[in-house]
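Descriptive structure summary
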Amino acid sequence: MNLANQILTEVKKAVVGKDEVLEKILMVILSKGHILLEDIPGVGKTTIAVAFSKAMSLETRRIQFTVDVLPSDVVGFTSIDHETGKLRLHPGAVFCNIFLADEINRTSSKTQAALLEVMEEGNITVDGYTQKAKDPFCVIATQNPFGSAGTQLLPESQLDRFMIRLSIGYPSLADEKNILKRKSERDPMLEVHAAASREDIIQMSKEVEQVYVHEDILDYIVALIDATRHHTSILQGASPRASISLMQLSKANAYLHDRDYVVPKDVQDIFFDVIGHRVIMGTSASETKDVLMGILHETKIKKSK
């Protein structure tokens, strides 16, 4: 069993019946991206984040976002050290490896924006003092579906910085019964043990970067993204950042399937999860998946001679 599968095996001790979601989350972490989990409360979003941090020996912190959470709670603040007379940094919650931003769409736009520099550039700036975020660093943000009390839409600029958007969904009846049985016996999180070290995760990320992408696959990715920009049902298509995310996650998908090269199915498996939150529909949002799956069906890979 390779290291990626060992990590997933440990996480599955605490998370029942969501294998595909867990695989995609691991892909994003190894691709140095960020994850948006959009779902109702109580389906296991926090459990997933904590289980991954334990299985990978990573430090995790969490903020429950509300309207009164300030940017300084996220990135930190400085104060005068009366003994030395120098500025002293008080680190915020993002000084960790996995940052769980719970219900991010309940807080103010100013606080949401405090995450942008860290997510995009890997830098944390506090009162003019800048330092690198920890390596690895991944934001797992959760949001309730828009329309829930106290929620507001995330700005497009912030949505685009999430490599992937996932929905966990309700468990099946059998899985929910299994959850109850596990909870009645012992806290499942106690069964999760470290399968990898921080150094292992850094090395795995380097190996993902080395996965080969043929010119034909690059052309295929570009064609898919371009199709979103010309579809009659889409007002605003996906950005070049979406192309990069699609390529990076395709590499991670190949890596998790023990390949050092990308095949079309690697792209197809994660296409909607990468693109769904990056397009603005002219029709109802409920049709987004149908439109994107239509693009995926109609766009053929062209093989070079």
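The structure displayed is predicted, hence computed values, not measured ones. (Residues numbered from 1 in each chain as written. Predicted model: local features only at pLDDT ≥ 70, side-chain atom pairs only at ≥ 80, totals over all residues. Heavy atoms only, no water.)

**Some details on the overall build of the protein chain**
Our working rule: Counting from the N terminus, the helices are DSSP H or I runs at least four residues long and the strands are E runs at least two residues long. Both definitions apply: the radius of gyration is a C-alpha atom measure, and the globule rule equals 2.2 Å times residues to the power 0.38. In what follows, a contact means two residues having at least one pair of non-hydrogen atoms within 4.5 Å. The Shrake-Rupley method, run with a 1.4 Å probe, gives the accessible areas here. Residue values count only the displayed protein chains as cover.
Helix and strand counts for the protein chain stand at 13 helices and 11 strands. Taking 19 Å as the expected radius of gyration for a compact globule of 305 residues, we find that the protein chain reaches 20 Å, a close match to that expectation. Dimensions along the principal axes, computed over C-alpha positions, put the protein chain at roughly 70 × 45 × 40 Å. Relative to all contacts within the protein chain whose residues are 6 or more apart in sequence, the contacts with residues 24 or more apart total 76%. Carbon and sulfur atoms provide 53% of the accessible area of the protein chain, an area that totals close to 15100 Å².

**Digging into the nonpolar core**
Keep this limit in mind: By nonpolar core we mean a set of buried residues, namely Ala, Val, Leu, Ile, Met, Phe, Trp, Tyr and Cys, connected to one another through side-chain atoms within 4.5 Å. Any residue under 20% of the maximum accessible area for its type is buried, any over 50% is exposed, and the rest in between are partly exposed; the area is computed with a 1.4 Å probe on protein chains only.
In terms of nonpolar packing, the biggest core is built from 67 residues, with Ile7, Ile25, Leu26, Ile35, Phe52, Met56 and Ile275 touching the most fellow members. With eight residues, helix H2 (residues 19–30) is the largest single contributor of residues to this core. Residues within four places of Met56 in sequence aside, it is in contact with Ile7, Leu26, Ile29, Ile98, Ala196, Ser197, Arg198 and Ile201. Residues Ile63, Ile124, Phe137 and Ala141 belong to the second largest nonpolar core, which totals 26 residues.

**Looking at unusual backbone geometry**
In this structure, the amide linkage connecting Asp135 to the following residue, Pro136, adopts the cis form with an omega of 0 degrees. Relative to the helices and strands, Pro136 is located in the loop between strand E7 (129–132) and strand E8 (138–143). Here Ser57, not a glycine, exhibits a phi torsion of approximately 55 degrees, which is positive. Note that Ser57 resides in the loop between helix H3 (45–55) and strand E2 (60–64). If you check the backbone angles, Glu103 has positive phi at about 55 degrees while not being a glycine. If you trace the backbone, Glu103 turns up in the loop between strand E5 (98–102) and helix H5 (109–113).

**Some thoughts on H2**
As a reminder of what qualifies: Here, expected helix span is obtained from the residue count minus one, scaled by 1.5 Å.
With 12 residues, H2 should reach 16 Å at 1.5 Å per residue; the first-to-last C-alpha distance of 17 Å fits that figure. With nine of its 12 residues buried, H2 lies for the most part within the structure. Within H2, the full set of buried residues consists of Val21, Leu22, Lys24, Ile25, Leu26, Met27, Val28, Ile29 and Leu30. At the exit of H2 stands Lys32, carrying a positive phi of roughly 60 degrees.

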